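# Tertiary structure, described
As a plain string of letters, each chain reads:
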Amino acid sequence: MRPAPPPQTYRVKSFGCQMNVYDGERMAELLASQGIRPASEGEEADLVVLNTCHIREKAAEKVYSDIGRITKEWRRDDGSAPLIAVAGCVAQAEGEEIMARAPAVSMVVGPQAYHRLPQMIEEATHGRRSVDTDMPAETKFDTLPARRSVGPSAFLTVQEGCDKFCTYCVVPYTRGAEISRPFADLVAEAQRLVEAGAREITLLGQNVNAWRDEAERGLEKLVEALAAIPQLARIRYTTSHPNDMTDGLIEAHRDVAKLMPFLHLPVQSGNDRVLKAMNRSHTVESYLRVLDQVRAVRPDIALSGDFIVGFPGETDAEFEDTLKLVERVGYAQCFSFKYSPRPGTPAATMEGQVPMAVMDERLQRLQAALQRSSLAFNQASVGRRCAVLVERRGRHEGQWLGKSPWLQSVHFTADVAIGDLVEVELIEAGPNSLAGRLI
Ligand code: 5AD
Ligand code: SF4
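Residues numbered from 1 in each chain as written. Chains lettered and ligands numbered in written order. Predicted model: local features only at pLDDT ≥ 70, side-chain atom pairs only at ≥ 80, totals over all residues. Heavy atoms only, no water.

This part is about the environment of Pro 82. Following the sequence through the fold, Pro 82 ends up in the loop between helix H2 (59–73) and strand E4 (83–87). Sequence spacing of Pro 82 and Val 48 is 34 residues, and the spatial spacing of their C-alpha atoms is 6.7 Å. (Helix = DSSP H or I, 4+ residues; strand = E, 2+ residues; numbered from the N terminus.)

Structure representation (structure tokens):
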């Protein structure tokens, strides 16, 4: 690798989950604090960070083709190309292999080590390549620069990693063991987010409801503390595990007005044998019991979940159980995926891998059922009046897009500004959004 001048401009491309979006923002802030500015639209950046996701499908292959494209398209007259850093979960999982396969990459940095990017960039300017996939004891959060400017709806990572080891999932390997960030740090970061313009904060974690503070207090304590910040209007959290839904957190849905009536609680399958093979450690019944408890304290709660079709060994009848569960729960919105073997996970080598054509067919049927469910949920909201947080402009002149308390996308035409919280009547529903009218 030849020495390169210090980069003047950067671009961070994030793939995958909301936590990656958060990490991408934090990396961008870190680079900006080093005097590197974001490349403008269409401008070639001197440094490209690919913040990758490894959870499904051909993640690693996509990264290699991205790297190839960047080095080919962005090669300059003098033969030089941008510095490339691979970050995120593919970096963690593939580490040295990326270095071996992609000579154009000068930095590989895992999700727990990206606070060390400035030193790695320094190395790269001297022509030295580096890999850092440590999970250091000092956490990145202690060394990252403060948040400065954010949109009306901001993410705040409160918990990382996972100890659940579902048999299909790479997260316990790429993000490591569960850690909770300290209470005081989180309240301070939330305060800064609000000062920087946030009106809504979504607390993030792979198992966000497993968050505990130093005194073993659960997520509801953090929610209560953030609710006391006057300018903060809304609090959300994602993603939760059914087994970590404590009574305290459920009661917060009744007691804390700023906690929005939305719960993303992945179930993955509607069949107990499959759940067991997935090592989910809950049953359909125990999951439904949690939903009943939440609905008892917050009847209007919008429910959401994740589903996997075609887990190894899943029979037609077992898949039908998932469809039955969907009918029974009445979800507001969900994510659904075809099972994809992740190298190194137990399910990848299980017998009975389901053929792609079968998975395609199951996914289509499931998604049709989920669409019907979302449409029914949205139709039932027509006539409701609610607050909408304005997040961005719509496609048409004078049109705005925002979110209802139930995380529905609402579009309406009015004279408002981004960050306003306005009263809207919901007047028309589709499966993915609603039309509203300003009251
Ligand atoms: N194949 C398909 N979907 C997966 N998910 C996680 N791992 C896999 C996999 N190997 C899905 C789960 C999880 C969501 C974030 O991604 O549904 O809840
Ligand atoms: Fe993956 Fe299961 Fe942990 Fe969720 S709970 S991150 S699916 S191992």
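In the vicinity of ligand 1, the contacting residues are Ile 55, Arg 56, Tyr 168, Gln 268, Asp 306, Ile 308, Phe 337, Lys 338, Tyr 339, Ser 340 and Arg 342. In the model, an oxygen atom of ligand 1 is placed 2.6 Å from a nitrogen or oxygen of the Asp 306 side chain. The backbone of Ser 340 places a nitrogen or oxygen atom 2.8 Å from a nitrogen atom of ligand 1. Along the lines of polarity and charge, the residues of the shell around ligand 1 split into 5 nonpolar, 2 polar and 4 charged. (Near = heavy atom within 4 Å. Polar contact = N/O pair within 3.5 Å; in protein donor to acceptor, adjacent residues only side chain to side chain. Nonpolar A, V, L, I, M, F, W, Y, C, P; charged D, E, K, R; others polar.)

Next up on the list: the packing of helix H8 (residues 183–195) against helix H9 (residues 219–227). The geometry of H8 relative to H9 is characterised by a closest axis approach of 10 Å and an angle of 35 degrees between their N-to-C directions. For the element pair H8 and H9, the recorded crossing hand is right-handed. Where H8 abuts H9, its residues Phe 183, Leu 186, Val 187 and Ala 190 lie against Lys 221, Leu 222, Ala 225 and Leu 226. (Axes fitted to C-alpha atoms, helices over the stretch in contact; angles between N-to-C directions. Left-handed = near helix turned anticlockwise from the far one by under 90°. Contact = heavy atoms within 4.5 Å.)

Another point: the side chain of Thr 71. Mapped onto the elements, Thr 71 comes out in helix H2. Only 2.9 Å separates the side chain of Thr 71 from the backbone oxygen of Ile 67, close enough to count as a polar contact. Residue contacts for Thr 71: discarding those within four places in its chain leaves Ile 84 and Ala 104.

Where interface size is quoted, it is often the accessible area lost as the parts come together. By the assigned domains, the chain splits into domain 1 (9–132), domain 2 (140–380) and domain 3 (385–438). Each partner contributes to the roughly 1500 Å² buried at the junction of domain 2 and domain 3, and carbon and sulfur atoms together form 58% of this total. Area buried by domain 2 at its contact with domain 3 is led by Pro 152, Arg 234 and Asn 378, which between them contribute 37% of it. Taken together, domain 2 and domain 3 are joined by 0 salt bridges. Class assignment for the residues of the side of domain 2 that touches domain 3 results in 8 nonpolar, 6 polar and 5 charged. (Domains from an automatic or database assignment. Buried area = accessible area lost by both parts, 1.4 Å probe. Salt bridge = Lys/Arg side-chain N within 4 Å of Asp/Glu carboxyl O.)

Let's shift gears to the sheet that holds strand E17 (residues 409–413). An order of E15-E16-E17-E19-E18 is seen for the 5 strands of this closed barrel, with the pairing classed as mixed. Geometrically, the sheet is characterised by an average inter-axis angle of 55 degrees between neighbouring strands, direction not taken into account. The pairing of strand E15 (residues 385–393) with strand E18 (residues 421–429) spans 5 bridges and is antiparallel. Bridged to Cys 386 within E18 is Val 424. Here helix H14 (residues 356–381) sits on the sheet and contacts E18 and strand E19 (433–438); the angle it forms with E18, its principal contact strand, is near 120 degrees. (Pairing = 2+ DSSP bridges.)

Applying the stated criterion across every chain yields a total of 32 salt bridges. Here Asp 244 and Lys 164 are joined by a salt bridge, their closest N and O atoms 2.8 Å apart. Placement of the pair is Asp 244 in the loop between strand E11 (234–238) and helix H10 (247–255) and Lys 164 in the loop between strand E8 (159–160) and helix H7 (171–174), with a sequence separation of 80 residues. Here Asp 244 and Lys 164 have matching classes, each one buried. Within the structure, one salt-bridge network assembled from shared partners comprises Asp 23, Lys 140, Glu 160 and Arg 175. (Buried < 20%, exposed > 50% of the residue type's maximum accessible area, 1.4 Å probe, protein only.)

Once that is clear, we can look at the sheet that holds strand E7 (residues 153–157). Strand order in the open sheet formed by 3 strands is E7-E10-E11, and the pairing between neighbours is parallel. Since the sheet does not close on itself, it has two edges, and those belong to E7 and E11, each with one partner. Averaged over neighbouring strand pairs, the angle between their axes works out to 25 degrees when direction is ignored. One ladder, built from 5 bridges, connects strand E10 (residues 200–204) with E11; its direction is parallel. The residue of E11 that forms the bridge with Leu 204 is Thr 238. Running over the sheet, helix H1 (residues 18–33) touches E7, E10 and E11 and is turned about 95 degrees from E7.

Our focus in this paragraph is the environment of Met 245. By the element assignment, Met 245 lies in the loop between E11 and H10. Classification of Met 245 by relative accessible area gives buried; the value is 7%. For Met 245, the residues in contact, after removing those within four places along its chain, are Asn 209, Tyr 237, Ser 240, Ile 250, Leu 263, Leu 265 and Val 290.

In this structure the tally under the stated criterion is 4 aromatic pairs. Summarising the aromatic geometry, the rings of Phe 165 and Tyr 173 are spaced 5.5 Å apart at their centres and angled 75 degrees between planes, so their arrangement reads as edge-to-face. Taking the relative accessible area as the measure of exposure, Phe 165 reaches 37% and is therefore partly exposed. Ring centres of Phe 311 and Tyr 339 lie 5.6 Å apart, and the angle between their planes is 70 degrees; this geometry places the pair in the edge-to-face category. With a gap of 28 residues between them, Phe 311 in the loop between strand E13 (302–309) and helix H13 (316–329) and Tyr 339 in the loop between strand E14 (333–338) and H14 connect regions that are remote in the sequence. Ring-pair connections join several aromatic residues into one group, and the members of that group are Tyr 168, Phe 311 and Tyr 339. For Arg 217, the ring lying beneath its charged end belongs to Phe 183, and the centroid distance is 4.8 Å. One cation-aromatic arrangement involves Arg 384 over Trp 406; the distance from NZ or CZ to the ring centre is 4.2 Å. (Phe/Tyr/Trp six-rings, centres within 6.5 Å; stacked < 30°, edge-to-face > 60°. Lys NZ or Arg CZ within 6 Å of the ring centre and 35° of its normal.)

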